[in-house]
Amino acid sequence: MGVGHLSTEKFARGFLVCLWLWCFFSLSYAARTGASKQKFEVKKHLNRLNKPPVKSIQSPDGDMIDCIPITKQPAFDHPFLKDHKIQMKPNYHPEGLFDDNKVSTKSKDKEMHIPQLWHKYGKCPEGTIPMRRTKEDDVLRASSVKRYGKKKRRTVPLPKSAEPDLINQSGHQHAIAYVEGDKYYGAKATINVWEPKIQQQNEFSLSQIWLLGGSFGQDLNSIEAGWQVSPDLYGDNNTRLFTYWTSDAYQATGCYNLLCSGFIQINSDIAMGASISPVSGYRNSQYDISILIWKDPKEGHWWMQFGNGYVLGYWPSFLFSYLTESASMIEWGGEVVNSQSDGHHTSTQMGSGRFPEEGFSKASYFRNIQVVDASNNLKAPKGLGTFTEQSNCYDVQPGNNDDWGHFFYYGGPGKNQNCP
C-alpha cells in the first residue's frame, strides 16, 4: 500500500513538473513568436515609410533627414495616386492669381530665417523632399503598428456640447477661437511658438488650425497644421511643425505629416515633423510662424503654405467627402492630453504655460486670424467665438487691433490651485 501510494505521488509530482515545463516553454515560444511577428511587422512598416534617400542629413537634435525623390514619397503608395501628375504649384493663391514672385520658394531673405534645426548641416537638392526618418523606437511607442502616426478619436473641440462627461471621456482639453455657419475655403494665422512642458510621455501639447467638414460623429473630415510637443510620437520634447488629416473622424484614414499616403509635398526646404528653432522665451524674444491652408478653386486640392514663402504641398481633394467642396467650421487654438494619471489634472502646459491675461511675451497667441471666402479672398472672420472646457486650467481671451487684426491669447499651466 505504502509503496503504491508513494509511486502515485511521485508520478503526480512528475506529471505536474512536466505540465509546468510544457506551459513555460509554450508561453516562452508564444512570446518569442509574438515578439518576432511584431518585429517583422515593424520592419515592414519602416521599409514602407523610409524610402531610399539620395542624400541624408544628420540634425543636431538626433533626427536623420532623408532627401527622397519627389515621385517616391509615401503619397504615391496610394492606389488612387499611382498615375497622379504632381502639381508643382497652385493655380491660384488667396488674394488672386498665384504669383511666383510674390510667393517664391527660393528667396534668399527667407532662407536665412527658415526655423528648422537640420538646416545647420545641409539642405536637400531640387527634385527631392526632406523626410524625417522613422526609427524602430518611434513605431514601438505606439499602441500598435496600425495606430502609429494616428491621433486618438474625439480630439476635436466641440464648442456646442461641452458636457462634463464628454470632457472626462475624451481626455483632451482645448482653448480655441472658432467660426461656423458659413462655407470656408481656407484659413490663416500667425502662431506664437513655445516649448510647453509635458507631464506624461503619452500626453502632448499642440497649437494648430483645424479646417472641419461633416458631423462630429463617424464622418468628420479634418485638415490640421501647427506646432506640437509629443514625446510619444517623436521620442523627445522638441517643438515640431506638423500636419494631420482624416476623413472618418480619426478612425482608419489619415495621419500625422507624411506617415501615410495622402499629403503630396513639393517643397525641398521644410521637413514635416522636424524641430522648430528658436522658440519663444518668457519675458524674452518672441518667435512665431505663419500657416495658410486654402482650396485651389481650379483643381480643388487643399494647399498649405508655411511662413511667407514656402508652399509645402497639397492634400488631393479625393481624400475627403465633405471637404471636397468646402469647410463648415474653422478652429484655431491649443489642445493638450489630460491623462489624470495620478488622479489629478495634468500639469502639461498649453502654449507658454501662462494664462492669457498675462499678455505679450508671457502668454501664447494667435494673431492675424483670417478665413478664405468663396471668391478666394482672405477676410477677417465674422462672429468669432471662443471655447474652453475648463477655464481654470486653460483659458482663451480674444482681441482686435490694427496691427494684429483678430487675435487671441490662450493657454495655461494645467494643474494649479484652481484646477486640482
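Being a predicted model, the structure only gives us computed values, none of them experimental. (Residues numbered from 1 in each chain as written. Predicted model: local features only at pLDDT ≥ 70, side-chain atom pairs only at ≥ 80, totals over all residues. Heavy atoms only, no water.)

Some words on the pairing of strand S1 (residues 55-58)
Here's step 1: Summarising the sheet, S1 and strand S2 (residues 64-69) pair through four bridges and their orientation is antiparallel. Of the residues in S2, the one forming a bridge with Ile57 is Ile65.
Here's step 2: In this structure, the hairpin formed by S1 and S2 is closed by a connection of five residues, where Gly62 is found at a positive phi of approximately 100 degrees. (Pairing = 2+ DSSP bridges. Helix = DSSP H or I, 4+ residues; strand = E, 2+ residues; numbered from the N terminus.)

What about the pattern of salt bridges?
Here's step 1: Taken as a whole, this structure holds 14 salt bridges when the rule is applied.
Here's step 2: Close ionic contact of Arg240 with Asp63 constitutes a salt bridge, the shortest N to O distance being 2.8 Å. On the criterion of sequence distance, the pair formed by Arg240 in strand S10 (residues 240-246) and Asp63 in the loop between S1 and S2 is long-range, its members being 177 residues apart. By the burial criterion, Arg240 is buried, and Asp63 matches it.
Here's step 3: One salt bridge connects Lys151 with Glu335, and the closest N-O pair in it is separated by 3.7 Å. Of the two residues, Lys151 sits in the loop between helix H3 (136-140) and helix H4 (164-170) while Glu335 sits in strand S16 (residues 327-337), which places them 184 residues apart along the sequence. Of the two residues, Lys151 and Glu335, neither departs from the other in class, the shared state being buried. (Salt bridge = Lys/Arg side-chain N within 4 Å of Asp/Glu carboxyl O. Buried < 20%, exposed > 50% of the residue type's maximum accessible area, 1.4 Å probe, protein only.)

A short note on the confidence of the model for the protein
Here's step 1: Per-residue pLDDT for the protein has a mean of 88; in total, 84% of the residues score no lower than 70.
Here's step 2: Segment residues 100-112 is flagged for pLDDT under 50; beyond a separation of four residues in sequence, or across chains, it makes 27 contacts in the model.
Here's step 3: Counting interchain partners and residues more than four positions distant, the pLDDT-below-50 stretch residues 161-169 has eight contacts. (pLDDT = per-residue confidence, 0-100. Contact = heavy atoms within 4.5 Å.)

Description of the packing of aromatic side chains
Here's step 1: Scanning all chains against the criterion turns up 18 aromatic pairs.
Here's step 2: Here Phe366 and Phe408 contribute two aromatic rings whose centre-to-centre distance is 5.0 Å and whose plane-to-plane angle is 10 degrees, an arrangement assigned as stacked. Of this pair, Phe366 sits in strand S17 (residues 364-372) while Phe408 sits in strand S21 (residues 405-411); the two residues are 42 residues apart in sequence, bridging distant segments of the chain. Taken as a pair, Phe366 and Phe408 share a single burial class, namely buried.
Here's step 3: With 5.7 Å between their ring centres and 65 degrees between their planes, Phe408 and Tyr410 make a pair best called edge-to-face. The exposure classification of Phe408 matches that of Tyr410, with both residues buried.
Here's step 4: Counting every residue linked through ring pairs, the aromatic cluster contains Phe360, Tyr365, Trp404, Phe407 and Tyr409.
Here's step 5: The cationic tip of Lys151 hangs over the ring face of Tyr244; the distance from NZ or CZ to the ring centre is 5.6 Å.
Here's step 6: The ring of Tyr282 carries the charged tip of Arg354 above its face, separated from the ring centre by 4.0 Å. (Phe/Tyr/Trp six-rings, centres within 6.5 Å; stacked < 30°, edge-to-face > 60°. Lys NZ or Arg CZ within 6 Å of the ring centre and 35° of its normal.)

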